[in-house]
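# Structural features, examined
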Amino acid sequence: QVRLVESGGGLVQAGGSLRLSCAASGRTFNSYALGWFRQAPGKEREFVAAIMWSGANTYGNLVRGRFTVSRDNAESTVYLQMNSLKPEDTAVYYCAAAQGGLLQIATWYEYWGQGTQVTVSS
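As a starting point, this report considers the structure included with it. Model, not experiment: these values are computed from the prediction.

### Description of the overall build of the chain
Helix and strand content of the chain: zero helices and 11 strands. In terms of C-alpha radius of gyration, the chain reaches 13 Å, essentially the compact-globule figure of 14 Å for 122 residues. If one aligns the C-alpha atoms of the chain with their principal axes, the spans along those axes are about 40 × 25 × 25 Å. Here the chain holds 122 residues, and the buried ones make up 44% of them. Of the roughly 6,200 Å² of accessible surface on the chain, 49% is carried by carbon and sulfur atoms. If the 10 positive side-chain charges of the chain are averaged to one point and the 8 negative ones to another, these points end up 1 Å apart.

### Some words on the nonpolar core
Leu-4, Leu-34, Trp-36, Leu-80, Met-82 and Tyr-93 are the most contacted members of the largest nonpolar core, which has 30 residues in total. Counting only elements with at least two residues in this core, the list comes to strand E1 (2-7), strand E3 (18-26), strand E4 (33-39), strand E5 (46-51), strand E7 (67-72), strand E8 (77-82), strand E9 (91-98) and strand E11 (116-121). Setting aside chain neighbours within four positions, we find Tyr-93 in contact with Glu-6, Leu-20, Trp-36, Phe-37, Arg-38, Val-48, Phe-67, Leu-80, Met-82, Gly-115, Thr-116 and Val-118.

### Focus on the pattern of salt bridges
Scanning all chains against the criterion turns up three salt bridges. In this structure, Arg-38 engages Asp-89 in a salt bridge whose closest nitrogen and oxygen atoms are separated by 2.8 Å. Of the two residues, Arg-38 sits in strand E4 while Asp-89 sits in the loop between E8 and E9, which places them 51 residues apart along the sequence. Grouping residues by exposure puts Arg-38 and Asp-89 together as buried. Put simply, Asp-89 and Arg-66 hold a salt bridge, and the shortest N to O gap is 2.8 Å.

### Some thoughts on the environment of Gly-35
Looking at the secondary structure, you find Gly-35 in strand E4. Taking relative accessible area as the criterion, Gly-35 reaches 0% and is therefore assigned buried. With residues near it in sequence (within four places) discarded, Gly-35 still touches Ala-49, Ala-50, Tyr-94, Cys-95, Ala-96 and Tyr-109.

### Overview of the sheet that holds E1
The strand order E1-E3-E8-E7 describes an open sheet built from four strands, whose pairing is antiparallel. Only two strands of the sheet have a single partner each, and these edge strands are E1 and E7. Neighbour-to-neighbour, the strand axes of this sheet turn through a mean angle of 15°, independent of strand direction. The sheet contact formed by E1 and E3 spans six bridges and is antiparallel. Each bridged residue has a counterpart across the sheet, and for Ser-7 the counterpart in E3 is Ser-21.

Calculation notes
Residues numbered from 1 in each chain as written. Predicted model: local features only at pLDDT ≥ 70, side-chain atom pairs only at ≥ 80, totals over all residues. Heavy atoms only, no water. Helix = DSSP H or I, 4+ residues; strand = E, 2+ residues; numbered from the N terminus. Rg over C-alpha atoms; globule rule 2.2 N^0.38 Å. Buried < 20%, exposed > 50% of the residue type's maximum accessible area, 1.4 Å probe, protein only. Areas by Shrake-Rupley, 256 points an atom, 1.4 Å probe, with all protein chains shown as cover. Lys, Arg positive; Asp, Glu negative; His and termini not counted. Charge placed at Lys NZ, Arg CZ, Asp CG, Glu CD. Core = buried A, V, L, I, M, F, W, Y, C linked by side-chain atoms within 4.5 Å. Contact = heavy atoms within 4.5 Å. Salt bridge = Lys/Arg side-chain N within 4 Å of Asp/Glu carboxyl O. Pairing = 2+ DSSP bridges. Axes fitted to C-alpha atoms, helices over the stretch in contact; angles between N-to-C directions.

This is the structure:
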C-alpha cells in the first residue's frame, strides 16, 4: 500500500507559478513511477507529467516547456513546478504511483492521492 498526499495548490494569476508536492508513505517509494494528472470540471482526467525512479520523465503536450516534474527519493516526495500558468491549467491535480506500464494512461496507476485544487485567474 502507498499513501499519497498532495499539497501546494491554490489561486494564482495567469503567468504566475506554483509548486505542487506529493508526499508518499508506505511501500518502497523508489520502485514506483510517479505521475501527475489533472481534471477540470466536466472534463476527463488528463495526463500532466510522470517521472521514473531513475529520474527519466515525460510530459503532456499542453504543459511541456512550462512544467517540470522532479522527485526526491530520500524524502519520498515528488514535485511539480508549474510556470507560466494559464487559466486553462485550472483543475484538481492528482499525484499517482505506478510500478510501470504506459505512464500517460491513468489506468496503469495503482495508487492515487486526494488531489489539490489549482485555480489560475485571468
